[in-house]
Amino acid sequence: MRLMSASPVKISLTGIKPTGEPHLGNYVGAIKPALRLAEEYEAMYFIADYHALTTVRDPKLLRHYTRSVAATWIAAGLDPDQVVFYRQSDIPEIPELAWILSCLTGKGLMNRAHAYKAARDRNQEAGRADLDAGINMGLYNYPVLMAVDILIMGTDAVPVGRDQMQHVEIAADIAGSFNHVYGDSFRLKIPQAIVPDAETGRTLPGLDGRKMSKSYDNTIPLFCGESQLKKLVRRIPTDSTPVEEPKDPDGSNVFQILEQFATPEIVADTRQRLRAGGMGWGELKNQLFDVLNTQLSPLRERYDALMAPGSELDALLAAGAEKARKRTAPTLEQIRRAIGIN
Ligand code: TRP
């Protein structure tokens, strides 16, 4: 009999900041591609509620967003039995390691972090004398905490958008500093950023034709009710091409959204009907509404059930935290020993 040596499965880590309600753009551009990582990686997902604390000051709202993110991802298909899914604040090893690694992080490195620099630039533009006005230490230390999220799990791959790339590079830098000093006793794995592939990581047009984004206030919420959904779909801008005239499907915002949700058959058929003429934008919008409503209704039901008080959500998160700590607790123990604190 031949002994199989299993090649170690690589670890991916997805962090989700609970700062708002999920919309269709998040679902297509972030949630679905991130869930697909579980096919290839030992996939971990967590809710970065300590990161949200740098901006969310309303306890009710933070609690709501945190539960909402958890319910959203499970409704969207995350299986808590198959992956590790936890809330950052349930893992006490994370803030402890954040202090330890901050002692190995150059202040200059943090001065160069994009989010901090952007906040200073805004102060400069507003003509404020103190460029650090209104900037809290949480924002300043944000990259250290994020590095900890990544490094404590022994993460290989971090799926991120462009704006988060630098944070993964900083995490790699900090791991290098740690390894330089303590590497003989314990080594942190150097992580890599991965950008979701262009096909799955598509951006969706929003209600004004620009990229769907919370900051443009042009989103369709993922779990809005049926009548709201119908109303919002009606608001997507179209041109004034008359019904009977042929239309270019790829130039249409409505069609671009349809493409992401409908079956390939419906997409091909609709494409052909638009090109032939005789299909108006109103009809296309009705079709988009039907497709979205059919696809999203079961998700919405699951989401609502999980959001209800006393649902199994809390137990799922508690079980996830326990799984996560099986990894974080022994890792921190080794780190404490390596640095001389134990
Ligand atoms: N900074 C990320 C964002 O704003 C969220 C995040 C926190 C994260 N910690 C992480 C992402 C660790 C990946 C890995 O989207």
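The protein is annotated in an unreviewed UniProt entry as Tryptophan--tRNA ligase of Candidatus Protofrankia datiscae. Entered under Subcellular location (unreviewed entry) in the UniProt record, the comment concerning the protein runs "Cytoplasm". The Function (unreviewed entry) field of the UniProt record for the protein holds the comment "Catalyzes the attachment of tryptophan to tRNA(Trp)."

(A) Structural detail: the packing of helix α3 (residues 59-75) against helix α12 (residues 281-307). In the contact formed by α3 and α12, the axes pass within 9 Å of each other and the chain directions differ by 140°. When the axes of α3 and α12 are compared, the pair comes out oblique. As for how α3 packs across α12, the hand of that crossing is right-handed. Listed contacts from α12 to H64, R67, S68, A71, T72, I74 and A75 of α3 are L299, R302, Y303, L306 and M307. Looking at side-chain class alone, the contact of α3 with α12 contains seven nonpolar, three polar and two charged residues.

(B) Geometry of α3. Between its first and last C-alpha atoms α3 spans 24 Å; for 17 residues at 1.5 Å apiece the expected length is 24 Å, and the two agree. Of all 17 residues in α3, twelve are buried, a share of seventy percent or more. In this structure D58 caps α3, since a side-chain oxygen of it lies 2.9 Å from the backbone nitrogen of K60. Directly beyond the C-terminal end of α3, a positive phi value near 125° is found at G77.

(C) A look at the site of the ligand. Around the ligand sit G15, K17, F46, A48, H51, Y142, M146, D149, I150, V158 and Q164, and that is every residue in its neighbourhood. The side chain of D149 places a nitrogen or oxygen atom 2.7 Å from a nitrogen atom of the ligand. In the model, a nitrogen atom of the ligand is placed 2.8 Å from a nitrogen or oxygen of the Q164 side chain. Coverage of the ligand by the protein amounts to 88% of the 370 Å² it exposes when considered alone. Here the element with the most residues in the shell around the ligand is helix α7 (residues 137-151); it accounts for four residues. Tallied by class, residues from the shell around the ligand come to six nonpolar, three polar and two charged.

(D) Representation of the domain arrangement of the protein. According to the domain assignment, the protein consists of domain 1 (2-203 + 312-339) and domain 2 (223-303). One C-alpha centre belongs to domain 1, the other to domain 2; they are set 35 Å apart. Between domain 1 and domain 2, the contact holds 14 residues from the first and ten residues from the second. At the junction of domain 1 and domain 2, the tally comes to one salt bridge. For E312, the salt bridge identified is with R302, shortest N-O distance 3.4 Å.

(E) Region of the structure containing the packing of aromatic side chains. Taken as a whole and assessed by the stated rule, the structure comprises seven aromatic pairs. A ring pair is formed by F178 and Y182, whose centres lie 5.1 Å apart and whose planes are at 45°; its orientation type is tilted. Taken together, the residues span about one helical turn, with F178 and Y182 both in helix α8 (residues 165-182) at a distance of four residues. For Y182, a relative accessible area of 22% puts it in the partly exposed group. A centroid spacing of 4.3 Å and a plane angle of 20° characterise the contact between F223 and Y303, whose relative ring orientation is stacked. Residue F223 is located in the loop between β5 (192-194) and α9 (226-235), and its partner Y303 is located in helix α12; the two are separated by 80 residues in the primary sequence. Just as F223 is buried, Y303 falls in that class too. Here the basic side chain of K247 rests over the ring of W281, its NZ or CZ set 5.8 Å away from the ring centre.

(F) Representation of the pairing of strand β2 (residues 42-47) in the model. The buried fraction of β2 is high, at five of six residues. In the sheet, strand β1 (residues 11-16) pairs with β2 via six bridges, with the strands oriented parallel. Across the sheet, residue T14 finds its bridge partner in β2, namely Y45. Taken together, β1, helix α1 (residues 24-36) and β2 constitute a β-α-β crossover, and its handedness is right-handed. Here β2 runs beside strand β3 (residues 84-87); their pairing, made up of four bridges, is parallel. What sits directly across from F46, in β3, is Y86.

Cut-offs and rules
- Residues numbered from 1 in each chain as written.
- Predicted model: local features only at pLDDT ≥ 70, side-chain atom pairs only at ≥ 80, totals over all residues.
- Heavy atoms only, no water.
- UniProt positions renumbered as here; feature names shortened; annotations may be inferred.
- Axes fitted to C-alpha atoms, helices over the stretch in contact; angles between N-to-C directions.
- Helix = DSSP H or I, 4+ residues; strand = E, 2+ residues; numbered from the N terminus.
- Parallel < 35°, antiparallel > 145°, perpendicular 65-115°, else oblique.
- Left-handed = near helix turned anticlockwise from the far one by under 90°.
- Contact = heavy atoms within 4.5 Å.
- Nonpolar A, V, L, I, M, F, W, Y, C, P; charged D, E, K, R; others polar.
- Expected span 1.5 Å × (residues − 1).
- Buried < 20%, exposed > 50% of the residue type's maximum accessible area, 1.4 Å probe, protein only.
- Polar contact = N/O pair within 3.5 Å; in protein donor to acceptor, adjacent residues only side chain to side chain.
- Near = heavy atom within 4 Å.
- Areas by Shrake-Rupley, 256 points an atom, 1.4 Å probe, with all protein chains shown as cover.
- Domains from an automatic or database assignment.
- Salt bridge = Lys/Arg side-chain N within 4 Å of Asp/Glu carboxyl O.
- Phe/Tyr/Trp six-rings, centres within 6.5 Å; stacked < 30°, edge-to-face > 60°.
- Lys NZ or Arg CZ within 6 Å of the ring centre and 35° of its normal.
- Pairing = 2+ DSSP bridges.
- Right-handed = clockwise from strand over helix to strand, strands pointing away.

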